[in-house]
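Results of the structural survey
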Amino acid sequence: MHFRFIQADEARRRSHITDLHQQRQVVAVLGLLHCPLVEDIMAAHSEFGRASRQWPEALVARCCAFEPSSTHLSTPGCQKLTDLMIFPGGHLHQHLEVYMHEFAAAVLAAIEDFILNASVTGVRMNTYVDSGDFLGSMPQLEEGLRKLNLNEEEVKEKKRWGRFQKCKGDWSLMAGSPRDAFEHYKSAMELSRVAGDAIWYGAAVEGLAHARVLEALIVARPAAAGTAAATA
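Residues numbered from 1 in each chain as written. Predicted model: local features only at pLDDT ≥ 70, side-chain atom pairs only at ≥ 80, totals over all residues. Heavy atoms only, no water.

**Observations concerning the overall build of the chain**
Threshold: We count a stretch as a helix when DSSP gives it H or I for four or more residues in a row; a strand needs E for two or more, and each element gets its number in order from the N terminus. Summary of the burial criterion: residues with accessible area below 20% of their type's maximum are buried, those above 50% are exposed, and those between are partly exposed, where the area comes from a 1.4 Å probe applied to protein chains only. Residue contacts are defined here by distance: any two heavy atoms, one from each residue, within 4.5 Å place the two residues in contact. Accessibility throughout is a Shrake-Rupley quantity obtained with a 1.4 Å probe, and a residue counts as covered only by protein chains that appear here.
Summing up its helical and strand segments, the chain has ten helices and three strands in all. Counting helices and strands in the order they occur from the N terminus, the chain gives α-β-α-β-α-β-α-α-α-α-α-α-α. Within the chain, the proportion of its 232 residues that are buried is 36%. For the chain, the proportion of contacts with a sequence separation of at least 24, taken over those separated by at least 6, is 69%. On the chain, roughly 13800 Å² of surface is accessible, and the fraction owed to carbon and sulfur atoms is 54%.

What follows is the structure, given as structure tokens:
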């Protein structure tokens, strides 16, 4: 997996098209505590919890505490915090190397769980890419929809399911499963085409191309393809 780490200020400046491209949203939140500068580790952890709620879409949240003292570690309740990762002083590089593998596994498990339990009811239909600011006037598309003889409810339902399949394709690609992503994108293309959901259709075509490239890389170079999984 390939992670792109950004600081909180940049993460707050959300992209307008995170609904269209799931890989543009915040997937995980990491908090860093330098314990020699922290008097109350429980209070600092609570502050991290409040801060991480700025990104409700994040699937994983972890607070990393570096160089805690015996006083910090003996604080009542500290050892029971499952999202608090303790890094003792010394050999920090080795500790981080081990932890990042665990962190990547947690993110991957969360993505897989999200894919399996995602519901079409969570798909947003009024996003920035549906607005006039993004689309402008599209009289040709509107005329095409009229020719399809679909009523408004049929169009809306096909749009919703098409977008749902596109999102599942994005998450499958991030999880390193291009074959699953390919099938989701293919379904998204068909549904979006019928519904006249042109922008999402184009995004599904783009995702399908990425899935094909990643699958070809895996077949050609199994050991070297991992780097492309989350960036495709």
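**Here's the deal with the sheet that holds strand β2 (residues 60-66)**
The pairing of strands in a sheet comes from backbone hydrogen bonds and takes either a parallel or an antiparallel form. Quick reminder of the rule: One requirement defines pairing of two strands: DSSP has to find at least two bridges between them. Lines fitted to the C-alpha atoms define the axes, with helices restricted to the stretch that makes contact. Angles between their N-to-C directions range from 0 to 180 degrees.
The three strands are arranged β1-β2-β3 in an open sheet whose pairing can be described as parallel. Both edges of this open sheet fall to β1 (28-34) and β3 (84-87), since each of them pairs with a single strand only. Pairwise comparison of adjacent strand axes, ignoring direction, gives a mean angle of 20° for this sheet. Of the strand pairs in this sheet, β1 and β2 are connected by seven bridges, and their pairing is parallel. Each residue of the ladder has a partner; that of Ala28, found in β2, is Val60. Lying on the sheet, helix α2 (residues 41-52) is in contact with β1, β2 and β3; it crosses β1 at an angle near 155°.

**Details of the packing of aromatic side chains**
Under the convention used in this document: Centres within 6.5 Å are what make two rings of Phe, Tyr or Trp a pair, Trp counting through its six-membered ring; a difference in plane orientation under 30 degrees is then read as stacked, over 60 as edge-to-face, and the rest as tilted. Lysine and arginine charges are scored as sitting over a ring when NZ or CZ, respectively, is within 6 Å of the ring centre and within 35 degrees of the ring normal.
A complete count under the given rule lists seven aromatic pairs for this structure. Measuring from centroid to centroid gives 5.5 Å for Phe3 and Phe103, while their planes differ by 45°, and the two rings are tilted. Of this pair, Phe3 sits in the segment before α1 (8-12) while Phe103 sits in helix α4 (residues 92-117); the two residues are 100 residues apart in sequence, bridging distant segments of the chain. Taking 4.8 Å as the distance between ring centres and 20° as the angle between the ring planes, the aromatic pair formed by Phe66 and Phe87 counts as stacked. Of this pair, Phe66 sits in strand β2 while Phe87 is found in strand β3, placing the two residues 21 residues apart along the sequence. Exposure remark for Phe66: the relative accessible area of 16% places this residue in the buried category. Chaining the aromatic ring pairs together yields one cluster made of Phe3, Phe5, Phe66, Phe87, Tyr99 and Phe103. We note Arg179 situated over the ring of Phe182; from NZ or CZ to the ring centre the distance is 4.9 Å.

**A word on the confidence of the model for the chain**
Under the convention used in this document: pLDDT is a residue-level measure of predictor confidence that goes from 0 to 100.
Of the residues in the chain, 88% have a pLDDT of 70 or more, and the chain-wide mean is 86. Contacts for the low-pLDDT stretch residues 228-232, under 50 throughout, to residues beyond four places or in other chains number twelve contacts.

**Topic: the packing of helix α7 (residues 152-174) against helix α9 (residues 198-220)**
The following threshold applies: In this scheme, roughly parallel covers angles under 35 degrees and roughly antiparallel covers those over 145, while 65 to 115 is roughly perpendicular and the rest are oblique. Each helix crossing is assigned a hand: it is left-handed if the near helix lies turned anticlockwise from the far helix by less than a right angle, otherwise right-handed if that turn is clockwise. Three classes are used: nonpolar for Ala, Val, Leu, Ile, Met, Phe, Trp, Tyr, Cys and Pro, charged for Asp, Glu, Lys and Arg, and polar for all others, with Gly counted as polar.
Between α7 and α9, the least distance of the axes is 10 Å, while the angle of their chain directions is 30°. Considered as vectors, α7 and α9 are oriented roughly parallel to each other. Considering the relative orientation of α7 and α9, their crossing is left-handed. Along the contact surface, α7 presents Arg163, Lys166, Cys167 and Leu173, while α9 presents Trp200, Ala203, Ala204, Gly207, His210, Ala211 and Leu214. Residues belonging to the contact of α7 with α9 are distributed by class as follows: seven nonpolar, two polar and two charged.

**Some points on the pattern of salt bridges**
Oppositely charged side chains can pair when the atoms bearing their charge come close. The cut-off we apply is this: Put simply, a salt bridge is a Lys or Arg side-chain nitrogen that is within 4 Å of an Asp or Glu carboxyl oxygen.
Applying the stated rule across the entire model yields nine salt bridges. Notably, a salt bridge pairs Arg4 with Glu10, separated by 2.8 Å at the nearest N-O pair. Taking the relative accessible area as the measure of exposure, Arg4 reaches 66% and is therefore exposed. Relative accessible area serves as the criterion here: at 33%, Glu10 is assigned to the partly exposed category. Its salt-bridge partner being Arg124, residue Asp19 comes within 3.0 Å of it at the nearest N-O pair. Taken together, the positions of Asp19 in the loop between α1 and β1 and Arg124 in the loop between α4 and α5 (132-135) put the pair 105 residues apart, joining distant regions of the chain. Given a relative accessible area of 18%, Asp19 falls into the buried group.

**Considering the side chain of Ser52**
Operational definition: Under the rule applied, a polar contact is a pair of N or O atoms within 3.5 Å (in protein, one hydrogen donor and one hydrogen acceptor; residues adjacent in sequence only if both atoms are side-chain atoms).
Examined against the element boundaries, Ser52 turns out to sit in helix α2. Here the side chain of Ser52 touches Gly49 through a polar contact of 2.9 Å, landing on its backbone oxygen.

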